[in-house]
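Residues per chain, in single letters:
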Amino acid sequence: MDLFSRSWAALRTAVAELADEDFARPSGCTGWLVRDLVCHLIIDAQDVLITLVTPAETEPTRDAVTYWDIVEPATGDDPLDALTVRLAAAYEEPWLLKFHLDDVGSAAGRAAELADPAVRVGTRDEVLTAGDYLSAYVLEWTLHHLDLIAYLPHAAEPPTAGLARSRELLEKIAGAAFPPSFSDKDALLIGTGRRAPGEAETAELGELAAKLPLVLG
């Protein structure tokens, strides 16, 4: 729960510190500018709020690892992706995106801090404990933090603990460990297809290379 809060706070702070011109730069999400990614984070924050107040009575069907599905790489044709781009453009002024993310994002952060980790919640027609749900979102926040700063070398990186936990989750999803020589950041970028491995890195990956990238949805 604490790691969710730390990762989410760091990501919101990184957005708050962006210059206006940064919103028009590309992000690490294919086809999305930084403004589109920030708009997506607002939607993510709304999802967190909705999920945490959607109780479930049945046994959990997913945990922090199995919450994630492996999906096909984005093509840009998904209607929801297109809607996000249109919504982001409708904000017009970067400060409006910052304001909305701070407003809804702060509420999501408070809801997470108040949540009982043992309570069962429903989302995407699945049931998880609130603790597992928020743990899964550490990976979401960390990956999108890396997306946010992909072309912004001056921006702060995600918390080291969040990077380490996200690597652990991704390795469990992959069913294999990344080479010890890989930093947590490189393991996440290469593992999710955000960066192509070099020749030496591919050799180190061995059989795991054939499973990559792991596109999470």
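Residues numbered from 1 in each chain as written. Predicted model: local features only at pLDDT ≥ 70, side-chain atom pairs only at ≥ 80, totals over all residues. Heavy atoms only, no water.

A.B. asks: Account for the overall build of the protein, with residues named and values stated.
C.D. replies: Within the protein, the regular secondary structure consists of eight helices and two strands. Secondary structure elements in the protein, listed N-terminal to C-terminal, are α-α-α-α-β-β-α-α-α-α. For the protein, whose C-alpha radius of gyration is 17 Å, the value lies close to the compact-globule estimate of 17 Å for 217 residues. Taking the principal axes of the C-alpha coordinates as reference, the protein spans close to 45 × 45 × 35 Å. Every one of the 217 residues in the protein was classed for burial, and the buried ones make up 46%. Look at the contacts in the protein between residues 6 or more apart in sequence, and 70% of them connect residues 24 or more apart. Accessible surface, the protein: about 10,800 Å² in total, of which carbon and sulfur atoms supply 55%. (Helix = DSSP H or I, 4+ residues; strand = E, 2+ residues; numbered from the N terminus. Rg over C-alpha atoms; globule rule 2.2 N^0.38 Å. Buried < 20%, exposed > 50% of the residue type's maximum accessible area, 1.4 Å probe, protein only. Contact = heavy atoms within 4.5 Å. Areas by Shrake-Rupley, 256 points an atom, 1.4 Å probe, with all protein chains shown as cover.)

A.B. asks: Could you give me a rundown of the pairing of strand β2 (residues 126-129), with the residues and numbers involved?
C.D. replies: As paired elements, strand β1 (residues 120-123) and β2 share four bridges and run antiparallel to each other. Note on β2: the bridge partner recorded for Gly122 is Val127. Here β1 folds back onto β2, and the loop between the two strands holds two residues, one of which, Arg124, carries a positive phi near 55°. (Pairing = 2+ DSSP bridges.)

A.B. asks: I'd like a description of a nonpolar patch on the surface, backed by residues and values.
C.D. replies: A contiguous nonpolar patch, built from Leu80, Leu83 and Leu87 and spanning about 260 Å² of accessible area, is present on the exposed surface. Position of Leu83 relative to the elements: it lies in helix α3 (residues 79-91). (Patch = residues over 30% accessible without salt bridge, like charges linked within 9 Å, V, L, I, M, F, W, Y side chains within 5 Å. Salt bridge = Lys/Arg side-chain N within 4 Å of Asp/Glu carboxyl O.)

A.B. asks: Give me the environment of Ser27: which residues, what numbers.
C.D. replies: Along the chain, Ser27 falls in the loop between α1 (2-16) and α2 (34-52). The spacing of Ser27 and Ile149 is 122 residues in sequence and 7.1 Å in space, taken between C-alpha atoms. Sequence-distant contacts of Ser27, that is, excluding residues within four places in its chain, are made with Trp32, Leu33, Val34, Leu37, Asp147, Ala150 and Tyr151. Among the polar contacts listed, one links the side chain of Ser27 to the backbone nitrogen of Cys29, at a separation of 3.1 Å. In this structure the side chain of Ser27 is engaged in a polar contact, spanning 2.9 Å, whose partner is the backbone oxygen of Trp32. (Polar contact = N/O pair within 3.5 Å; in protein donor to acceptor, adjacent residues only side chain to side chain.)

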